[in-house]
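# Working through the structure, step by step
The lines below spell out each chain.
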Amino acid sequence: MDLMTMIMKMGDGLGKTCAIFFLTLLFSLPLGMIIALLGKCKIKVISSVTRFCISVLRGTPLMLQLIAVTYGPYYLFEVSVSRNKLIPVVVAFSINYAAYFAEIYRSGIESIPQGQYEAAQVLGYSKAQTFMKIILPQVIRVILPSATNEIVTLVKDTSMAFTVSYQEMFTIGKEIANSQTSFVPFIVAGVFYYVFNAIVSFIMSKVEKAMSYYSI
Amino acid sequence: MNILKMSKVQKSFGRNHVLKDISLEVNKGEVVSIIGPSGSGKSTLLRCATLLETMDGGTLSYMGDNVCELKNGKMEYAKNLNKFRKCFGLVFQSFNLFPHWSVVKNVTDAPISVLKRDPEEVKAEAMELLRKMGLEDKAEAYPSQLSGGQKQRVSIVRALAMKPEILFFDEPTSALDPELTGEVLKVIKQLAEESMTMVIVTHEMSFARAVSDRVIFMDGGVIVEQGRPEDLFGDTKEDRTKQFLQHYQNL
């Protein structure tokens, strides 16, 4: 198999890699905020259960969570494993990343001085208005560098989908490497990820610049 | 007419009894200064009045309406506290401007999105207030681009834009260096001349003396002495007050 064919074949899987990436961001970013807020809930049961879930999601390998979400239903309820593995893969990734994003949001929320809440309260803003108009925009700005870090990791983590044989770019590359006894597909994969992340970093640095129109 | 009436206010943080039986009435147009050593409960009193702290006992009312009442030994606050929040404004020691908003947005957002007033009208009024405070060229600046004195003047404008009946100041110049203190005090004096009702917690004795109709000296969670400034500063009755004021005369 020549290099061009390898690249073409692996390029076919890039769509699925992108699907994991974008769908995971789409679900985990808002879900992470919900988890962060539940973790700060004044009702003790809710906040402790939330914190326990975060610790499990962060304390066990993503690979294990992928396997659990994909094959768990079969072992538990004898539901057949669906042909389209995108759904369980995105579910596992979204939950896992939501836990990490929740911790990033938490650090951001805790960095906002109490005086901001007090000023908003005295001016009569509702709790929802205070959060959406005053706290959240400042939180987003604070957490951008750590969120970028996490997003870059997500690009590389999409390769984990090979554990459940989801036909994304890396899984295809690994199959080619096995059948051709060649190391080249791994080099191609490395270049793909590097370029992908270069684009992500470029976009995030633009966003960071756009958000830094004020300083604290 | 009483704008603010507090009576027999009690407040503890754990075992620390911060306010013991404080009563305070402020009439329309009156300027009241509260002085006293750190930890005397001055700021806590303002925080209770502005609903940032809940009181453990006593009563609080604005324009004759009760904010809270004691029921079976527990303080119960009115459901709609925003009705009362419309009555007062608070200027913080540390400004607490919203750093992600321009000066004009800081001033106009609450009247527009809380009071639901007409944006054009609010903006015109805000520009007028900023002009009065010498800040019109800062309207589009962000708080981080302002000096401390300018920040504090903006936060006074932000409070005024809500058209409060009474304005509270919690040590408005304590975070400022002496050169910037003057410009903030000048603004407060100007408001006093316009008969704005104000309660000012301050360590600026000569300012308190010049601007106030009444001065209150607090220590250990109680009002030790109060009266017209010329009486409290000139003909001090209580030993504790004398002792406190001495520190300022030695300078």
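Please refer to the structure placed before this passage.
So, here is what we can say about the structure in this document. (Residues numbered from 1 in each chain as written. Chains lettered and ligands numbered in written order. Predicted model: local features only at pLDDT ≥ 70, side-chain atom pairs only at ≥ 80, totals over all residues. Heavy atoms only, no water.)

### Here's the deal with the overall build of chain A
As a reminder, the rule being used: Elements are defined by DSSP. Helices are runs of H or I of four residues or more, strands are runs of E of two residues or more, and each kind is numbered from the N terminus. Summary of the burial criterion: residues with accessible area below 20% of their type's maximum are buried, those above 50% are exposed, and those between are partly exposed, where the area comes from a 1.4 Å probe applied to protein chains only. In what follows, a contact means two residues having at least one pair of non-hydrogen atoms within 4.5 Å.
Regarding its fold elements, chain A presents eight helices and zero strands. Here the C-alpha coordinates of chain A stretch approximately 70 × 45 × 25 Å along the principal axes. Each of the 216 residues in chain A was classed as buried or not, and the buried ones make up 44%. Put simply, of all contacts in chain A between residues at least 6 apart along the chain, 76% involve residues at least 24 apart.

### Remarks on the interface of chain B and chain A
For clarity, the cut-off: Two parts placed together each lose some accessible area under a 1.4 Å probe, and adding up what both lose gives the buried area. The salt bridge criterion pairs a side-chain nitrogen of Lys or Arg with a carboxyl oxygen of Asp or Glu, the two atoms within 4 Å. Residues adjacent in sequence count toward polar contacts only when both atoms are side-chain atoms; beyond that, a polar contact is any pair of N or O atoms within 3.5 Å, and within protein one must be able to donate a hydrogen and the other to accept it. Note on residue classes: Ala, Val, Leu, Ile, Met, Phe, Trp, Tyr, Cys and Pro are nonpolar, Asp, Glu, Lys and Arg are charged, and everything else, Gly too, is polar.
The interface of chain B with chain A comprises 24 residues on the first partner and 19 residues on the second. Summing the contributions of chain B and of chain A, the shared interface buries around 2000 Å²; its carbon and sulfur component is 59%. The largest share of the area that chain B buries against chain A comes from Phe-98, Pro-99 and His-100 of chain B, three residues that together contribute 29% of it. At the surface where chain B touches chain A, the tally comes to two salt bridges. Across the salt bridge formed by Glu-118 of chain A and Arg-47 of chain B, the nearest N and O atoms sit 2.7 Å from each other. On inspection of chain B and its partner chain A, the count reaches 14 residue pairs in polar contact (both at pLDDT 80 or more). Here the side of chain B that touches chain A gets three residues from one element, more than from any other, and that element is helix H3 (residues 103-113) of chain B. For the side of chain B that touches chain A, the residue count by class is 13 nonpolar, six polar and five charged.

### Description of the side chain of Asn-96 of chain B
By the element assignment, Asn-96 of chain B lies in the loop between strand S7 (88-91) and H3. Among the polar contacts listed, one links the side chain of Asn-96 of chain B to the backbone oxygen of Gly-115 of chain A, at a separation of 3.3 Å. Setting aside chain neighbours within four positions, we find Asn-96 of chain B in contact with Gly-115, Gln-116 and Ala-119 of chain A together with Arg-158 of chain B.

### Observations concerning the pattern of salt bridges
This model, assessed by the stated rule, comprises 22 salt bridges over all chains. With a closest N to O distance of 3.5 Å, Arg-106 of chain A and Glu-110 of chain A form a salt bridge. On the criterion of helical spacing, the pair formed by Arg-106 of chain A and Glu-110 of chain A is a turn pair, its members being four residues apart in helix H4 (residues 86-110). We classify Glu-110 of chain A as partly exposed; its relative accessible area is 47%. In this structure, Arg-228 of chain B and Asp-231 of chain B form a salt bridge, with 3.4 Å as the shortest nitrogen-oxygen distance. The exposure class assigned to Arg-228 of chain B is partly exposed, which follows from its relative accessible area of 47%. Salt bridges linked by common partners bring Lys-40, Arg-58, Glu-103, Arg-106 and Glu-110 of chain A together as one network.

### What to know about unusual backbone geometry
Positive phi, normally seen in glycine, also occurs at Ser-165 of chain A, with a value near 55 degrees. Residue placement: Ser-165 of chain A occurs in the loop between helix H6 (127-157) and helix H7 (169-180). According to the relative accessible area criterion, Ser-165 of chain A is partly exposed, its value standing at 41%. One non-glycine residue, Asn-96 of chain B, adopts positive backbone phi at about 55 degrees. With relative accessibility at 11%, the residue Asn-96 of chain B sits in the buried group.

### Thoughts on the packing of aromatic side chains
Stated formally: What counts as a ring pair is set by centres within 6.5 Å for rings of Phe, Tyr and Trp (its six-membered ring), and what kind of pair is set by the plane angle: stacked under 30 degrees, edge-to-face over 60, tilted for all other angles. Criterion for a charge above a ring: Lys NZ or Arg CZ within 6 Å of the ring centre, and within 35 degrees of the ring normal.
Overall, the coordinates contain 17 aromatic pairs over all chains when judged by the stated rule. Here the aromatic rings of Tyr-74 of chain A and Tyr-75 of chain A are separated by 5.3 Å at their centres, their planes lie at 75 degrees, and the arrangement is edge-to-face. One residue, Arg-141 of chain A, lies across the ring of Tyr-214 of chain A, its end atom 4.6 Å from the ring centre. Here Arg-158 of chain B stacks its cationic end above the ring of Phe-98 of chain B, 4.8 Å away from the centre of that ring.

Scope: geometric values only; no functional claims are made or implied.
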